[in-house]
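# Breakdown of the fold
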Amino acid sequence: MNIIGRKPVLEALEGDTPVRRVAIALGTQGRIIGQIIKAAKVRGIRVDRIPQNRIAKEFGNGNHQGVLAEVSPTKLYSLNDLGTTIPIKNNLLIALDGITDPFHLGAVARSARAAGCDALIMQDRRSAPLSEVAVKASAGHLTRIPIIQVTNISDTILSLKNMEWWIYGLAGEGAKSLWKHDWDGKICLVLGSEGKGLATRVENVCDQLISIPMLNGVESLSASSAASVVLFEVSRQHWHKENKQRLT
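This text gives an overview of the structure that appears in the document. (Residues numbered from 1 in each chain as written. Predicted model: local features only at pLDDT ≥ 70, side-chain atom pairs only at ≥ 80, totals over all residues. Heavy atoms only, no water.)

### Brief notes about the sheet that holds strand β2 (residues 19–25)
Strand-to-strand pairing in sheets goes through backbone hydrogen bonds, with the strands running parallel or antiparallel. Strand order in the open sheet formed by four strands is β1-β4-β2-β3, with mixed pairing between adjacent strands. The outermost strands of the open sheet, each flanked by one partner alone, are β1 (2–4) and β3 (46–50). Averaged over all adjacent pairs, the angle separating strand axes in this sheet is 25°, with direction ignored. Across three bridges, the pairing between β1 and strand β4 (residues 67–71) is antiparallel. (Pairing = 2+ DSSP bridges. Helix = DSSP H or I, 4+ residues; strand = E, 2+ residues; numbered from the N terminus. Axes fitted to C-alpha atoms, helices over the stretch in contact; angles between N-to-C directions.)

### Considerations on the packing of aromatic side chains
All told, the structure shown has one aromatic pair when counted by the stated rule. Between tyrosine 168 and tryptophan 183 the ring centres are 4.9 Å apart and the planes differ by 70°, which places this aromatic pair in the edge-to-face class. With a gap of 15 residues between them, tyrosine 168 in strand β9 (residues 166–170) and tryptophan 183 in the loop between β10 (176–177) and β11 (187–192) connect regions that are remote in the sequence. Judged by relative accessible area, which is 6%, tyrosine 168 ranks as buried. Taking the relative accessible area as the measure of exposure, tryptophan 183 reaches 0% and is therefore buried. (Phe/Tyr/Trp six-rings, centres within 6.5 Å; stacked < 30°, edge-to-face > 60°. Buried < 20%, exposed > 50% of the residue type's maximum accessible area, 1.4 Å probe, protein only.)

### Thoughts on the sheet that holds strand β6 (residues 92–97)
Reading across from one edge, β5-β8-β7-β6-β11-β9-β12-β10 is the order of the eight strands in this open sheet, with parallel pairing throughout. Lying at the two open borders of the sheet, with one neighbouring strand each, are β5 (76–77) and β10. Here β5 runs beside strand β8 (residues 147–150); their pairing, made up of two bridges, is parallel. Its bridge partner lying in β8, tyrosine 77 is registered against isoleucine 148.

### Structural notes on the nonpolar core
The nonpolar side chains of a soluble globular protein tend to be buried, and buried together. Formed by 35 residues in total, the largest nonpolar core has its most connected members in Ile94, Leu105, Leu120, Trp183, Leu189 and Leu231. Counting residues per element, the ones that place at least two in this core are β6, α4 (102–114), β7 (119–123), α5 (132–137), β9, β11 and α8 (223–247). Ranked by residues supplied to this core, first place goes to α8 with six residues. Of all hydrophobic cores here, the second largest spans 23 residues; its members include Leu82, Ala95, Ile121 and Val190. (Core = buried A, V, L, I, M, F, W, Y, C linked by side-chain atoms within 4.5 Å.)

### What to know about the environment of aspartate 118
Relative to the assigned elements, aspartate 118 resides in the loop between α4 and β7. Separated by 70 residues in sequence, aspartate 118 and cysteine 188 place their C-alpha atoms 9.9 Å apart. If sequence neighbours within four positions are ignored, aspartate 118 has contacts with Ile86, Pro87, Ile88, Lys89, Asn90, Asn91, Leu92, Leu93 and Pro146. Only 2.9 Å separates the side chain of aspartate 118 from the backbone nitrogen of lysine 89, close enough to count as a polar contact. (Contact = heavy atoms within 4.5 Å. Polar contact = N/O pair within 3.5 Å; in protein donor to acceptor, adjacent residues only side chain to side chain.)

### Quick notes on the packing of helix α1 (residues 6–14) against helix α2 (residues 31–42)
Contact geometry for α1 and α2: axes closest at 9 Å, N-to-C directions at 25°. In terms of their interaxial angle, α1 and α2 are classed as roughly parallel. In this structure, α1 meets α2 at a crossing whose hand is left-handed. Here α1 contributes Arg6, Lys7, Val9, Leu10 and Leu13 to the contact with α2, which in turn contributes Ile32, Ile33, Gln35, Ile36, Ala39 and Ala40. Its residues assigned to classes, the contact of α1 with α2 comprises eight nonpolar, one polar and two charged. (Parallel < 35°, antiparallel > 145°, perpendicular 65-115°, else oblique. Left-handed = near helix turned anticlockwise from the far one by under 90°. Nonpolar A, V, L, I, M, F, W, Y, C, P; charged D, E, K, R; others polar.)

Written out as structure tokens, the structure is:
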């Protein structure tokens, strides 16, 4: 959802509206514009300057006054909220690296919640918008799972490692088979984009790359399908270990 117009955007920034980013047309000036930029900076919200040739596509035909705020349908968290505002119940996270299709985003969010993920991590750039389309594709679960928004996935992975999380990237060329891995400890799965997969820098900071064995000449699954397969295998192993401990 988008909010357009100088006053409405400023009101959203000065309140508790979950603004994801602010877009301002190049050349747009004035006292309220300065207030908008300052309010966005205070809240750590990125501000994009939009060139003239992209204004119609970015802002639409409404009376936008050169200002737009992209609003999330759900509250956004920072990595610092993990373990405090966001409780860690199942030791399971999923991070998205370059997932730009809102249908895949919604499908991943639905599977992540069903598998017991504590949170979903995504970048503020090069990511699918948290839009009505994504919410619908998730059957509403995108608004029910905590979303941690970060600036850079590879830097976030390094921070998670310092917090004793194990990082596993999903990759067709991964040396370790999903079925042969012992999923134990605090786990963060990293899912790459459709077609391109994980960025090289992201691959390099993962603890291990995991592959899903394929039969009958099938080379790969869609990003959301691959996420579902791995998430539920991790969840299955966690469930088995927890119930085994209860019986012993």
